[in-house]
Amino acid sequence: MPEPQPFIVGRQSEVDCFAALIGNRTDHWLLNVYGPGGIGKTVVCQKLAAYARQSQLLYATVDGFRPDLTPDRILYAVKEGLAAHADLADAFGAFEHQFQEYLIVQEILQRGGGVPALFDVVGNIKDPAGFAQILGNLGKTMTEGVQRTVSNRFALERYLRGVEKTLTASLCDGVSSALAQTGKPVALLLDTYKEMEGLDDWVCRTFVPRLPEGVKIVVFGRNALPKVNFDWSEFSEALHTMELPELAEADARRYLEHHGLRDPAALDQVYRFTGGYPLLLVLVVHLAREAGGWDQIGALESEADRDRVASKLLDRILREERAREVRAFLEQGVIARWFNAEVIRVILEISLDEARSIYDKLQRHSFVERHPYGLKFHDKIRELLVDRLKFTSNAEYQRLTKRLMAYYAEKAGIEPADAAAATPPAQPTGTPEAPAGKYTITIQSGQGIVIGDHAQVVQTFPVASSPASSSGEAAESEVRERQRTARLRQIITERLSLEELCTLCFDLGVDFDSLRGEGKAANVRELMLYLERRNDIQQLEAWLRQNRPDITLPEHNHA
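One numbering rule holds for all chains: residues counted from 1, following each sequence as written. Predicted model: local features are reported for residues with pLDDT of at least 70 only, side-chain atom pairs are reported and counted for 80 or more only, and whole-chain, interface and lining totals are derived from all residues. With hydrogens and water stripped out, all remaining heavy atoms of the structure feed into the side-chain values.

1. Digging into the overall build of the protein chain
In step 1: On a plain count of helices and strands, the protein chain comes out with 24 helices and nine strands.
In step 2: Three labels apply to residues, based on accessible area from a 1.4 Å probe with only protein chains included: buried if under 20% of the type maximum, exposed if over 50%, partly exposed otherwise in between. Out of the 559 residues in the protein chain, the part that is buried amounts to 49%.
In step 3: Every residue pair with non-hydrogen atoms within 4.5 Å of one another is taken to be in contact. If you take every contact in the protein chain between residues at least 6 apart in sequence, the share linking residues at least 24 apart comes to 72%.
In step 4: For accessible areas, the Shrake-Rupley method is used with a probe of radius 1.4 Å. Any residue's cover is judged against the shown protein chains and nothing else. Accessible surface, the protein chain as shown: approximately 27,600 Å² in total, 49% of it carbon and sulfur. By the criteria applied, helices consist of DSSP H or I runs no shorter than four residues and strands consist of E runs no shorter than two, each listed in order from the N terminus.

2. Digging into the pairing of strand 4 (residues 215–221)
In step 1: In terms of burial, strand 4 is largely enclosed, as seven of its seven residues are buried.
In step 2: In strand 4, alternate side chains face the same way, and those of Val215, Ile217, Val219 and Gly221 on one face and Lys216, Val218 and Phe220 on the other are all buried.
In step 3: Strand pairing is assigned whenever DSSP detects at least two bridges linking the two strands. Taken together, the five bridges between strand 1 (residues 30–34) and strand 4 define a ladder with parallel strand orientation. Pairing of Leu30 across the sheet is with Ile217, part of strand 4.
In step 4: Summarising the sheet, strand 3 (residues 186–191) and strand 4 pair through five bridges and their orientation is parallel. Bridging from a neighbouring strand, Leu189 pairs with Val218 of strand 4.

3. Points about the pattern of salt bridges
In step 1: Salt bridges are counted wherever a side-chain nitrogen of Lys or Arg sits within 4 Å of a carboxyl oxygen of Asp or Glu. Scanning the model with the defined rule gives 16 salt bridges in all.
In step 2: In this structure, Asp268 engages Arg253 in a salt bridge whose closest nitrogen and oxygen atoms are separated by 2.7 Å. Of this pair, Asp268 sits in helix 12 (residues 264–274) while Arg253 sits in helix 11 (residues 249–258), placing them 15 residues apart in sequence.
In step 3: The exposure class assigned to Arg253 is buried, which follows from its relative accessible area of 19%.
In step 4: Residue Arg345 is joined to Glu342 by a salt bridge in which the shortest nitrogen-to-oxygen separation is 2.5 Å. Placement of both Arg345 and Glu342 in helix 16 (residues 341–348) is noted, with a separation of three residues, approximately one turn of the helix.
In step 5: Through salt bridges with shared partners, a single network forms among Glu349, Glu396, Arg399 and Arg403.

4. Some thoughts on the sheet that holds strand 4
In step 1: Spatially, the five strands line up as an open sheet ordered 2-3-4-1-5, and their pairing is parallel. For this open sheet the edge positions go to strand 2 (58–63) and strand 5 (239–243), each flanked by a neighbour on one side alone. Neighbour to neighbour, the strand axes of the sheet diverge by 15° on average, direction disregarded.
In step 2: Direction of pairing for strand 2 relative to strand 3: parallel, over a ladder of six bridges. Looking across to strand 3, one finds that Val62 is bridged to Leu190. Whenever a helix is involved, its axis is fitted only over the stretch in contact; in every case the axis is a line through C-alpha atoms, and angles between N-to-C directions fall within 0 to 180 degrees.

5. Side note on the packing of aromatic side chains
In step 1: Aromatic rings from Phe, Tyr and Trp, with only the six-membered ring used for Trp, were paired whenever their centres fell within 6.5 Å, and each pair was classed as stacked if the ring planes differed by under 30 degrees, edge-to-face if by over 60, and tilted otherwise. The tally for this structure, following the rule as stated, stands at 15 aromatic pairs.
In step 2: For the ring pair Phe329 and Phe377, a centre distance of 6.2 Å and an interplane angle of 25° mean the geometry is stacked. With Phe329 in helix 15 (residues 324–332) and Phe377 in strand 7 (residues 374–377), the pair connects residues that are 48 residues apart, well separated along the chain.
In step 3: Between Trp338 and Tyr373, the aromatic rings sit 5.1 Å apart at their centres with planes inclined by 70°, giving edge-to-face as the arrangement. On the criterion of sequence distance, the pair formed by Trp338 in the loop between helix 15 and helix 16 and Tyr373 in the loop between strand 6 (368–371) and strand 7 is long-range, its members being 35 residues apart.
In step 4: The exposure class of Trp338 is buried, given its relative accessible area of 13%.

6. Observations concerning the environment of Ala77
In step 1: With respect to the helices and strands, Ala77 occurs in helix 3 (residues 71–83).
In step 2: Overall, Ala77 belongs to the buried group, its relative accessible area being 4%.
In step 3: Remark: the alpha-carbon pair of Ala77 and Thr61, spanning 16 residues in sequence, is separated by 7.7 Å.
In step 4: Those residues in contact with Ala77, other than ones at most four positions away along the chain, are Val62 and Arg66.

7. Topic: helix 22 (residues 498–507)
Because each turn of an α-helix spans 3.6 residues, side chains separated by three or four positions end up pointing in the same direction.
In step 1: Helix 22 sits mainly inside the fold: eight of its ten residues count as buried.
In step 2: Buried within helix 22 we find Leu498, Leu501, Cys502, Thr503, Leu504, Cys505, Phe506 and Asp507.
In step 3: Within two residues after helix 22, Gly509 carries a phi angle of roughly 75°, on the positive side.

8. What about the confidence of the model for the protein chain?
In step 1: Per-chain confidence: the protein chain averages 78 in pLDDT, with 81% of residues scoring 70 or above.
In step 2: With pLDDT under 50 throughout, residues 1–5 is counted as low confidence; its partners more than four residues away or in other chains account for 15 contacts.
In step 3: Counting interchain partners and residues more than four positions distant, the pLDDT-below-50 stretch residues 419–472 has 53 contacts. A residue's pLDDT is the confidence the predictor assigns to it, expressed on a 0 to 100 scale.

9. Quick look at the environment of Leu389
In step 1: Take Leu389: it is sitting in helix 18 (residues 379–392).
In step 2: In this structure Leu389 comes out as buried when scored by relative accessible area, which is 9%.
In step 3: Each C-alpha atom of the pair Leu389 and Gln332 lies 7.2 Å from the other, and the pair is 57 residues apart in sequence.

Structure below.
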């Protein structure tokens, strides 16, 4: 059978809903389209984008699968999408200027090793000559304001605490200018929101409320927004949630007929098997192609459980002879969230030429999608194949995961966890000696403190209970520590990408896939709970200081 070409059927009712939204014929301005993996949310997003393009509307699309999404990158993606329309670059001039200054500050922090490495505890630059060299090697024009900010620790920390809100406000001002300049509504399409749920607090509480009147937002995700975050309920009538249904029977049959299934009896049998579930329709077409024709696929037994049906189809596809050349990667490569030829080489332990050949063949598979860094499996396909691999051989799953994470760690210049574990940490005995050239600090607190400059040594100091100590003070101290932990969880959720979170788990010896969270925010929460139970939060903080020195961690509270 010929390679199937993209063929989209149905979903006109969703386009009509979008047209009513854009045309101000609804009470709501925020539309949430949700449904399980494989139901066709991304296809609907593409259809809405096509409608906006054909209608010459202003729109921008942000895909949650974009690598390393953070609030600033979402803002810039929105700016890029809107500024591409009708000479609107000037409307976002102020935002572009502030964003470039932000990138300069981030580059200085990266080159300098972060705030603690650049400044001493009283705010002075530790190495003025080295700092001047960092500024001189930037190769970028830096305003006096930026130079003053990065030269003063306290000004820099104030800037970093407020830059997210500053950029958000500036982008929204640009959107207001675009609305006034064109007189057209603006549509923002947020696809694969499941991958953005780690940033949901910012989206819900900072970004969306700051957008000017006239902006219409459509969010595509697996879960209804009020279930992701109860705060979405506060939008009341401004928010309309819509569960995406399966395709109508006429549309499903038209899809199968387009791909060569025209025998009435066979068409009835296949439709009873797949229903109108888009993922199953794609898989059964793929199976027919791999088997050599619709007459070669044999009998299909229908079940109510869509995941079981999809798993059976995947098993059939993997058994087909035509899938032999890529079968190994289809079975093992699903541990990677995205892949290119180099990742294929690492996982399968083959030559780069062989990996490139497999990569070329995978590009033609209907359940493989484009990714900014290469290709990726459809999220629901990957979920099913990962479960299949774990069930078949959990040991093999663990081996492949460790191999891939070791590859990522090597590329990032991170010491493998095994090597780090080989050097046991120093055991505190009494009051430690101050490192040469560091500060001597005397503490009268049971909460602990970070000692020294670059060393970042963490030491705790137990304090004996006294009659003056009250249960109220202890409770207050516990509340403060809980608040600090909550802030640390928020920072990790907002500032670390999904790949960084996976690397963090690997380095700390935590199986990422065992966290059981649904989405990034939930996985961060599960990780924090896991580390708290083992009193390992300090290891987490040490990892952040070493690998993300640009992140300012919340300070410990002392009574």
